Amino acid sequence: MADLLVKKLTAEDYNAERYVQDLSHSSVGDLELRQQRQRIQHLAEETNAQLKKNVYMNYMQFIDTAKEISYLESEMYQLSHLITEQKSLLTSLLELSVTGERGPGSAAQEIIEVNPHEIREKRERENRKKLTGLLEKIEGCSHVMEVEDRYLVFDGDLVELNQDDYTAMQRIHCYLLNDSLMIASWLSDRRGPVRYKFEVLYPLDQVLPVNIKDRGNTKNAFKVLIFPDTRVFMAPAAKAKQDWLDEIERTKANKVTVDKQKVERAHLHQKERQQSLSKEDSLDSNNPFTDEDESLNPFQESQPPSMGPPEWVLELPEDLDQAIAQRNFEEAVSLIDNGREYFNMAPKTPAYSEMRRALEGRVRGLVEVLQAELRVTPEKSLQGGPRAARRATTLLVHLNKSSQACELFLGHRGAILKAGLKRLRLEGKTVLYVRQLCSIFFHNLLETGREFNKAFPANRSCTSAFVVWAHNEINNFASMFSRHVFTTQSSITTVAECVSQANRHCQQLAVIGLDVTFALHTLLLRDVEKWIRDGRDKMIEAVKLRGQEDTWKTQKFENKDQLNKFIEDMNDIGIANIQAYIMDELCVGLTNNSIQFSRAFLGYLEDVLRLYWPETEHLINESLTALFSAQLRHCKSSLAEPLFKNEIPTIRRNSAFLLDVILTLGEHRYAETVGRAHPTLPALHSHHGALTGEAIKAPTIS
């Protein structure tokens, strides 16, 4: 049924009105008409889906066809342009002859006198009209017509090549004007009369054409040196390449001649003007009705300014090129300042506008050279330090390029820092490596900040860029620091020493007004808290294991030297009154468990106090209290154990030692470091009576 319907709808003699009329006659009721309508709609959907499928399958062919059509359209436009030029050339040949007579194809046969100056002016007018017509096809080039005496000399399509490997980059159209070279890029996706987009306009005195010999697939190529850049183009034929080289050289020579003539005419006009003014002054001096003080005359006209720019302004582009080539950047900036000051006072004429535009072109060239001084490349050495970049940075800021100077300066400093850290090798202990890492990183950051303040003393936007750069570098430092410090082989003592060094170096940046301590703490906080928590858990587990093996026997030594060594070790950790617990010549009234806990607790206290930040304060307070409480629980459970009934005096003596000496010493060190008392450790003294059977008595810690 569907095939029959398709055949009816695709027949050559198909008539929609007749088909609907026959269908309405043959159908009984509206049910058949609705069914027929559904079948037609279903067929339409299938056809639509098939069309979409065909479009997807042939999508690349559509694109290629569109490109080919666009290319053919461009070729047809060029062909039409060539035909128009040929027609105008033939017409001019018919109109003129060598003898000055009109040709046989002309409308008139009168003999005319040929004036070369008039012919040249007529040709320039025609070229200017041609330039006006061509520029209508270029997007964004309205400013090119601001110079009144500018006209088109030569133009053509070229292909720009990469100057390194001579591969094709883009299709362009070049316009050689009487005073400049304009380059427009081809718009491949544009329809209509506008087919090119303005790219750049180079003053002709900056352009130097250089021939390139044919080699390999690179043929008909030539190079254009435009300080400080170089661009390589390929012509469609050898003749076109030679025409470009000849026309550029000839136009440059003509421009030099015209410029000299303008200067001579300006000087001559100025001289004549001065002579006429001097004659008028001599006549006025004989006038008895002349006022003594002409400054009081409100109707006096001001003397017109001198005609033409001074000689140093005309030589300004060459002087700038020479200064930049000799890397005398300070002199170049001074010339630019003088030139800008002069043009700001000069009249707003097209000639002065063009000279100012040429000056700004040199400024862009100088800016690119200075940016290259700061730009980091694999070929450049990074051993100069921050002062090596100060010269280029200061000059860029003087040229109102602060944002580019700031970005390049920070990139240069970042590369130096990266190179310094890359040379660092992990040899020996982790603490030594971290000491060198912190020294290199924070010293570089400190030097960068000082040089930055000198280069950008009052630029808030650049200051924010420096803060962002410093924050990113802190992120990189924290990543490298964590990778080498927070490892399974590191102890909490090693971690505390490394973090303390990083924190101490970080605080030194306050000298330059930069505080990144909070950022560093935020990046390291998770790992630091993990090490504090793991150290606490391991020590509590060690308390439980020692408690299971503790027999509450006092510590005895084999000889006097061992006892003296023990007293010396206790003095080193801050317990100066340990001799009060010596029972006889070789016996101490403390158990090995109590001695080991004292050493571990005071060592852990020293480590966590070096990790003390406002962010870790709560965790440290809880950990210290939990650790000491675990040891006190062991003492309390031992007092209630019948097995240690005979060791109760020893248990009470050790409990008193822990509460009166160790706990008091820990509170003192905590308050000395933090600046305030521990919030929960003093509450543990409440166990003194239950554990020692005496009132609370805290020995003096000396």
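Remember, predicted model here, so these are calculated numbers, not experimental data.

Reading the values: rules and limits
- Here the residue numbering is sequential within each chain, running from 1 through the sequence in written order.
- Local features in this predicted model are restricted to residues whose pLDDT is 70 or higher, and side-chain atom pairs enter the listing and the counts only when it is 80 or higher, whereas totals over whole chains, interfaces and linings include all residues.
- With hydrogens and water stripped out, all remaining heavy atoms of the structure feed into the side-chain values.
- Think of it this way: DSSP has to see at least two bridges between two strands before they count as a pair.
- Each helix is a run of DSSP H or I of at least 4 residues and each strand a run of E of at least 2, with the numbering of both proceeding from the N terminus.
- Here a cavity means grid points, on a 1 Å grid over the protein atoms only, where a 1.4 Å probe fits yet cannot get out; a pocket means an open set of points with protein on both sides within 12 Å along at least five of seven lines; lining residues are those with an atom within 4 Å of a point.
- Grid points are joined across faces, edges and corners, and a volume is the space filled by probe spheres set on the points.
- Just so you know the grouping, Ala, Val, Leu, Ile, Met, Phe, Trp, Tyr, Cys and Pro go in nonpolar, Asp, Glu, Lys and Arg go in charged, and all remaining residues, Gly too, go in polar.
- Whether two aromatic rings pair depends on their centres lying within 6.5 Å, for rings of Phe, Tyr and Trp, where Trp uses its six-membered ring; planes under 30 degrees apart make the pair stacked, over 60 edge-to-face, and the rest tilted.
- Type-normalised accessible area, obtained with a 1.4 Å probe on protein chains alone, sets the label of each residue: buried when under 20%, exposed when over 50%, and partly exposed for intermediate values.
- A fitted line through C-alpha atoms serves as each axis, taken over the contacting stretch for helices, and the angle formed by two N-to-C directions is quoted from 0 to 180°.
- An angle below 35 degrees is read as roughly parallel, one above 145 as roughly antiparallel, one from 65 to 115 as roughly perpendicular, and any other as oblique.
- Here is the rule for handedness: rotate from the far helix to the near one, and if that takes an anticlockwise turn smaller than a right angle the crossing is left-handed, while a clockwise turn gives right-handed.
- Throughout, a residue-residue contact means that at least one pair of heavy atoms, one from each residue, lies within 4.5 Å.

Okay, the sheet that holds strand S6 (residues 207–211) next. Across the sheet, which stays open at both edges, the eight strands sit in the order S1-S5-S4-S3-S2-S8-S7-S6 with mixed pairing between neighbours. With one partner strand each, in any of the chains shown, strand S1 (138–139) and S6 form the two edges of the open sheet. Examined bridge by bridge, strand S3 (residues 168–177) and strand S4 (residues 180–186) share five bridges and lie antiparallel to one another. Considered in S4, the bridge of histidine 173 is made with alanine 184.

Let us look at empty space enclosed by the protein. Counted according to the given criterion, the structure contains one cavity of 30 Å³ or more. As a volume, the largest cavity reaches approximately 30 Å³. Those elements giving two or more residues to the lining of the largest cavity turn out to be strand S5 (196–203) and helix H10 (350–374). Of all the elements, S5 adds the most residues to the lining of the largest cavity, at three residues. Of the residues belonging to the lining of the largest cavity, the class tally is three nonpolar, no polar and two charged.

Before going further, it helps to examine the packing of aromatic side chains. Inspection of the entire model under this criterion finds 21 aromatic pairs. When the ring of phenylalanine 477 is compared with that of phenylalanine 481, the centres are 5.8 Å apart and the planes differ by 35 degrees; the resulting orientation is tilted. Residue phenylalanine 477 and its partner phenylalanine 481 are located together in helix H14 (residues 460–485), separated by four residues, close to a single helical turn. Residue classification places phenylalanine 477 among the buried residues on the basis of a relative accessible area of 1%. For phenylalanine 481, a relative accessible area of 0% puts it in the buried group. Look at tyrosine 581 and phenylalanine 657: their rings are 5.1 Å apart centre to centre, the planes differ by 80 degrees, and that puts the pair in the edge-to-face class. With a gap of 76 residues between them, tyrosine 581 in the loop between helix H17 (560–572) and strand S10 (582–584) and phenylalanine 657 in helix H20 (residues 648–674) connect regions that are remote in the sequence. Put simply, the rings of Phe441, Phe442, Phe477, Phe481, Phe486 and Trp531 touch in pairs and so form one group of aromatic residues.

At their nearest, the axes of helix H9 (residues 329–345) and H10 sit 11 Å apart, and the two run at 155 degrees to each other. Between H9 and H10, the interaxial angle falls into the category roughly antiparallel. Where H9 crosses over H10, the two elements pack in a sense that is left-handed. Counting all contacts with H9, which are made through Phe329, Ala332, Val333, Ile336, Gly339, Arg340, Tyr342, Phe343 and Asn344, the residues of H10 involved are Tyr352, Met355, Arg356, Leu359, Glu360, Val363, Leu366, Val369, Leu370 and Glu373. Across the contact of H9 with H10, the residue classes break down as 13 nonpolar, two polar and four charged.

Right, let's get into the sheet that holds strand S11 (residues 587–591). Reading across from one edge, S9-S11-S10 is the order of the three strands in this open sheet, with antiparallel pairing throughout. Strands with a single pairing partner mark the edges of an open sheet, and in this sheet they are strand S9 (554–556) and S10. For this sheet the average axis-to-axis angle between neighbouring strands, irrespective of direction, equals 40 degrees. Two elements, S9 and S11, share three bridges in a ladder whose sense is antiparallel. Looking across to S11, one finds that glutamine 555 is bridged to valine 588. Of the strands in this sheet, S9 and S11 are in contact with helix H18 (residues 592–610), which crosses S11 at around 70 degrees.

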